[in-house]
Amino acid sequence: MSKIDDLAIRRIIETANIVDVVGAFIPLKQKGPRYLGLCPFHEDHNIGSFIVYPRGNCYRCFACEAKGDSIKFLQEHCNMDFIGAIRWLGQHYGIPVDDVPVDYTPPVKKEPEPLPMLTLPIDIVLRRRNLEHDTFALWLYSLPWNGVQRDRIRKTLDEYLVGHSTIKQNGQQHDFTIFWQIDDKQRVRTGKMMKYRCDGHRMKKGDTPWTQDWVHAILFRDENLTQFDPDKMEMRQCLFGQHLLNAWQNATINIVESEKTALIMDIAYGNRYENIWMACGGLSNISRDKLKPLMDLGRRIQLFPDKDGIKAWREKATELKYDKLGFNTEFIDTYWKPEDGPKADVADVVLRMIRDNNT
Ligand SMILES: [Zn+2]
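Residues numbered from 1 in each chain as written. Predicted model: local features only at pLDDT ≥ 70, side-chain atom pairs only at ≥ 80, totals over all residues. Heavy atoms only, no water.

## Some details on the domain arrangement of the protein chain
Okay, step 1: According to the domain assignment, the protein chain consists of domain 1 (6-93) and domain 2 (239-359).
Okay, step 2: Between domain 1 and domain 2, the C-alpha centre-to-centre distance is 38 Å. (Domains from an automatic or database assignment.)

## Describing the pairing of strand S2 (residues 34-37)
Okay, step 1: A two-sided burial pattern is seen for S2, the buried positions comprising Arg34 and Leu36 on one face and Tyr35 and Gly37 on the other.
Okay, step 2: Summarising the sheet, strand S1 (residues 29-31) and S2 pair through three bridges and their orientation is antiparallel. Within S2, the residue paired with Gln30 across the bridge is Tyr35.
Okay, step 3: From the end of S1 to the start of S2, which pair antiparallel, there are two residues, and Gly32 there has a positive phi angle of about 60°.
Okay, step 4: Across three bridges, the pairing between S2 and strand S3 (residues 50-53) is antiparallel. Bridge pairing in S3 places Gly37 opposite Phe50. (Buried < 20%, exposed > 50% of the residue type's maximum accessible area, 1.4 Å probe, protein only. Helix = DSSP H or I, 4+ residues; strand = E, 2+ residues; numbered from the N terminus. Pairing = 2+ DSSP bridges.)

## Overview of the packing of aromatic side chains
Okay, step 1: A complete count under the given rule lists 17 aromatic pairs for this structure.
Okay, step 2: Relative to Tyr59, the ring of Phe41 has its centre 5.9 Å away and its plane inclined at 20°; by these criteria the two rings are stacked. Placement of Phe41 in the loop between S2 and S3 and of Tyr59 in strand S4 (residues 58-61) is noted, with a sequence separation of 18 residues between them.
Okay, step 3: Residue Tyr59 is classed as buried on the basis of its relative accessible area of 1%.
Okay, step 4: Among the aromatic residues, those joined into a ring-pair cluster are Phe25, Phe41, Phe50, Tyr59, Phe73 and Trp88. (Phe/Tyr/Trp six-rings, centres within 6.5 Å; stacked < 30°, edge-to-face > 60°.)

The following block contains the structure:
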């Protein structure tokens, strides 16, 4: 087999234009310097999350975090391998590549320099503190708490700075509960926006076409807000509740999956001198990066996995090799009942206990 030189491959990579490539599979609409379309990597019903950037020659979805260049798009969207993607591009741009040896290894790409971190003005948080009509907050107050006063719930919602935002779009009103991610240096990283039903469960696709979003993604999408340019800065997540870290220097940090669980545990068991509840935002979101600020300060950490997350988090805990990291399944093992279901999260168990206490 004659070997085609790397030059042809490099030429193809340099020629590949992200708008061409993505546009060959998905209708794109130009908006200012960017192109928008429905994201092919998650069930997307609203244009606005998936953005193609001609300047950076890349795409990014702010809903599912899919991102990459032309090759990555062909690999992920069309299940091609690297060679397949090169052949496809070669054909598309009329560059012959029939002889690409199958054992070609792409050169290791240098990671691009990280962009400066996006920090949002605290004002954006403080202006969204009215929870009067927030479905999640109203549900929280309505639970049959035993001996927990309304003031305690208000204190938790206040201290975690839970927010609310109403957005009107195409004649429809969208109400989001906002869980801000503010780090221990009080820098606002972003806010996770979710919609809740009256029963405290999150809205699903069947309930509304727009189930969740991120504050930074909305700012990045807005052409008029030139100070928030995703080509110039990037969002880095932190733990929900991390801003409380320094106020209680000796407290153990108890980490759960969801923001809702962190709030419920804080209301039910919160004693900040002993423990601060924080949420990482999802089963796969426990990482060295996320825990680093806590580890650097030598803080004690305890992971509280949900019923279906015990195995994954145990593996993660072993991998992290941090001697002040504990792993607590005692809670879920002691109190979990089959009626809670195999996927029960810590909060489901606590809520069932609260209900049991009242019947
Ligand atoms: Zn997506």
